[in-house]
Amino acid sequence: MAYVVLTGASAGIGEVFAHQLASQHQDLILVARREERLQALAGELAERYGVTAQVVKADLADADGASELARTIKAAGWAVCGLVNNAGFGDRGEFDQLPLERQLAMIQVNVSSLVALTWHLLPLLKAQAGSFVINVASTAAFQAGPKMAIYYASKAFVLSFSEALHEELKDAGVAVSALCPGATESEFASEANLTGTKLFSGSVMPAEQVVRKSLARRRSAIVIPGLMNLLMVWSGKLSPRWITRRIAGWLQA
Ligand SMILES: NC(=O)c1ccc[n+]([C@@H]2O[C@H](COP(=O)([O-])OP(=O)(O)OC[C@H]3O[C@@H](n4cnc5c(N)ncnc54)[C@H](OP(=O)(O)O)[C@@H]3O)[C@@H](O)[C@H]2O)c1
């Protein structure tokens, strides 16, 4: 049986991915920094769904974190039929007021480690029929985001990268999808200092709904869960960029 590698499995959207994939009898490789949470989750998944869940602790903010993770997977001889690049974080504040180190770590986790892990695991994915990659982007990918400049830019990268890979890997049988959620229930808002903003005081989607949509449509290039999010993205496409970036800034002021 081949595994799905799932980064950021210790909380929020990743933890829900773990449950929904396991409920489909899918074995998993769970990745994050908080190992004790991953061990508890692996035990729960084994008990509830009878699947095997391996735990690999990794810090994807380390420049070599993704490569080391890939080396561990290959050394163990685990076959891989899916990759969910879900680990990520944001931070609210003006660019020059936020610590540079944290913003560079954000680029490492949200962008560089996602790219490196995908690159290292593609040979394993190509070896499995019907394999898939889900890259968790965001509705933030569709416009610039004042007061979260690096986060929005990182998600724009993930969307563009995923769309290109979707086309490149079609004939190789690897489906690549960019999941673009709007505000979703998880630890993200508190980690990103967004609690109480307009963005998170309106309608916040349950992670279960987001993940259900993503898995059902994992062979689509772009998945935007929720009608409101879809309308926002499409209306944004019809508006001048100066309007959409100002609305984004206003939502997280
Ligand atoms: N929630 C939203 O509103 C929302 C909307 C759009 C997109 N997203 C995206 O959805 C994805 C999942 O976020 P979430 O909402 O579920 O947030 P969350 O509850 O804060 O979970 C984030 C996950 O990423 C992992 N992670 C963070 N830094 C890491 C690092 N250095 N190394 C390894 N793992 C790391 C965390 O694990 P450890 O802390 O244990 O390492 C955790 O499992 C992110 O890419 C986020 O940008 C979220």
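Refer to the structure presented above.
Quick caveat: nothing in here was measured; it's all calculated off a predicted structure. Per chain, residue numbering runs from 1 following the sequence as it is written. Totals for whole chains, interfaces and linings use all residues, but because this is a predicted model, local features are given only for residues with pLDDT of at least 70 and pairs of side-chain atoms are given and counted only at 80 or more. Computation of side-chain values: all heavy atoms of the structure, hydrogens and water removed.

### As for the overall build of the protein chain
At step 1: For helices the rule is a DSSP run of H or I covering at least 4 residues; for strands it is a run of E covering at least 2, with both sets numbered from the N terminus onward. Helix and strand counts for the protein chain stand at ten helices and seven strands.
At step 2: Radius of gyration here is computed from C-alpha atoms only, and the compact-globule reference equals 2.2 Å multiplied by the residue count raised to the power 0.38. Against the globule reference of 18 Å for 253 residues, the protein chain gives a C-alpha radius of gyration of 17 Å, in line with a compact fold.
At step 3: Across its three principal directions, the C-alpha atoms of the protein chain cover 50 × 35 × 35 Å.
At step 4: Across the 253 residues that make up the protein chain, the buried fraction comes to 52%.
At step 5: Contacts are assigned to residue pairs that have any heavy atoms within 4.5 Å of one another. For the protein chain, the share of sequence-separated contacts (at least 6 apart) that also reach a separation of at least 24 residues comes to 72%.
At step 6: To be clear on the numbers: accessible area is Shrake-Rupley with a 1.4 Å probe, and residue cover counts the displayed protein chains and nothing else. Summed over all atoms, the accessible surface of the protein chain reaches about 11800 Å², with 55% contributed by carbon and sulfur.
At step 7: By the counting rule applied here, Lys and Arg register as positive and Asp and Glu as negative, while His and the ends of each chain are not counted. Charged groups are reduced to one reference atom each: NZ for lysine, CZ for arginine, CG for aspartic acid, CD for glutamic acid. Of note, the protein chain has its 23 positive side-chain charges centred 8 Å away from the centre of its 22 negative side-chain charges. Burial here depends on accessible area, computed with a 1.4 Å probe over protein chains only, as a share of the maximum for the residue type. Under 20% is buried, over 50% is exposed, and the range in between is partly exposed.

### Thoughts on the sheet that holds strand β2 (residues 27-32)
At step 1: Think of it this way: DSSP has to see at least two bridges between two strands before they count as a pair. In space, the seven strands of this open sheet follow the order β3-β2-β1-β4-β5-β6-β7, with parallel pairing throughout. A strand with exactly one partner marks an edge of an open sheet, and here the two such strands are β3 (53-57) and β7 (222-223).
At step 2: Two elements, strand β5 (residues 132-136) and strand β6 (residues 175-179), share five bridges in a ladder whose sense is parallel. What sits directly across from Val-133, in β6, is Val-176.

### A look at the pattern of salt bridges
At step 1: Salt bridges are defined as contacts in which a side-chain nitrogen from Lys or Arg sits within 4 Å of a carboxyl oxygen from Asp or Glu. Under the definition given, this model contains seven salt bridges.
At step 2: Across the pair Arg-71 and Asp-64 runs a salt bridge, and its minimum N-O distance is 2.9 Å.
At step 3: For Arg-71, a relative accessible area of 47% corresponds to the partly exposed category.
At step 4: A relative accessible area of 36% means that Asp-64 is categorised as partly exposed.

### Some words on the site of the ligand
At step 1: What makes a residue near a molecule or strand is one non-hydrogen atom of that residue sitting within 4 Å of it. Lining the immediate surroundings of the ligand are 30 residues, of which Ser-10, Ile-13, Arg-33, Tyr-151 and Ser-186 lie closest.
At step 2: Within the side chain of Arg-33, an N or O atom sits 2.7 Å from an oxygen atom of the ligand.
At step 3: Nitrogen and oxygen atoms within 3.5 Å of one another constitute a polar contact, given that in protein one can donate a hydrogen and the other can accept it, and given that sequence-neighbouring residues count only through two side-chain atoms. A distance of 2.6 Å separates an oxygen atom of the ligand from a polar side-chain atom of Ser-186.
At step 4: For the ligand, whose accessible area on its own is 880 Å², the fraction buried by protein is 96%.
At step 5: Listed by contribution, the elements that provide at least two residues to the shell around the ligand are α1 (12-23) and α5 (149-168).
At step 6: When grouped by side-chain class, the residues that make up the shell around the ligand number 16 nonpolar, nine polar and five charged. Put simply, Ala, Val, Leu, Ile, Met, Phe, Trp, Tyr, Cys and Pro go in the nonpolar bin, Asp, Glu, Lys and Arg in the charged bin, and everything else, Gly too, in the polar bin.

### Here we look at the packing of helix α3 (residues 65-76) against helix α4 (residues 100-126)
At step 1: Each axis is a line fitted through C-alpha atoms, and for a helix only the stretch in contact is used; angles between axes span 0 to 180 degrees, taken between their N-to-C directions. One can describe the packing of α3 onto α4 by two numbers: an axis separation of 8 Å at closest approach and a directional angle of 25°. Taken together, the axes of α3 and α4 are roughly parallel relative to one another. Once α3 is placed against α4, the crossing between them reads as right-handed. Residues Ala-66, Ser-67, Leu-69, Ala-70, Ile-73 and Lys-74 of α3 lie in contact with α4, whose contacting residues are Ser-113, Ala-116, Leu-117, His-120, Leu-121 and Leu-124.
At step 2: The residue inventory of the contact of α3 with α4, partitioned by class, reads eight nonpolar, three polar and one charged. Angle categories are assigned with fixed cut-offs, so that under 35 degrees is roughly parallel, over 145 is roughly antiparallel, 65 to 115 is roughly perpendicular, and the rest are oblique. It is the rotation of the near helix from the far one that decides the hand of a crossing: anticlockwise by less than a right angle makes it left-handed, clockwise makes it right-handed.

### A look at a positive patch on the surface
At step 1: Residues Lys-237, Arg-241, Arg-245 and Arg-246 make up a contiguous surface patch of positive charge.
At step 2: With three residues, helix α10 (residues 241-251) is the largest single contributor of residues to the positive patch.
At step 3: Among the structural elements, Arg-241 can be located in helix α10. Patches were defined on residues exceeding 30% relative accessible area and lacking a salt bridge, with like-charge contacts within 9 Å and nonpolar side-chain contacts (Val, Leu, Ile, Met, Phe, Trp, Tyr) within 5 Å.

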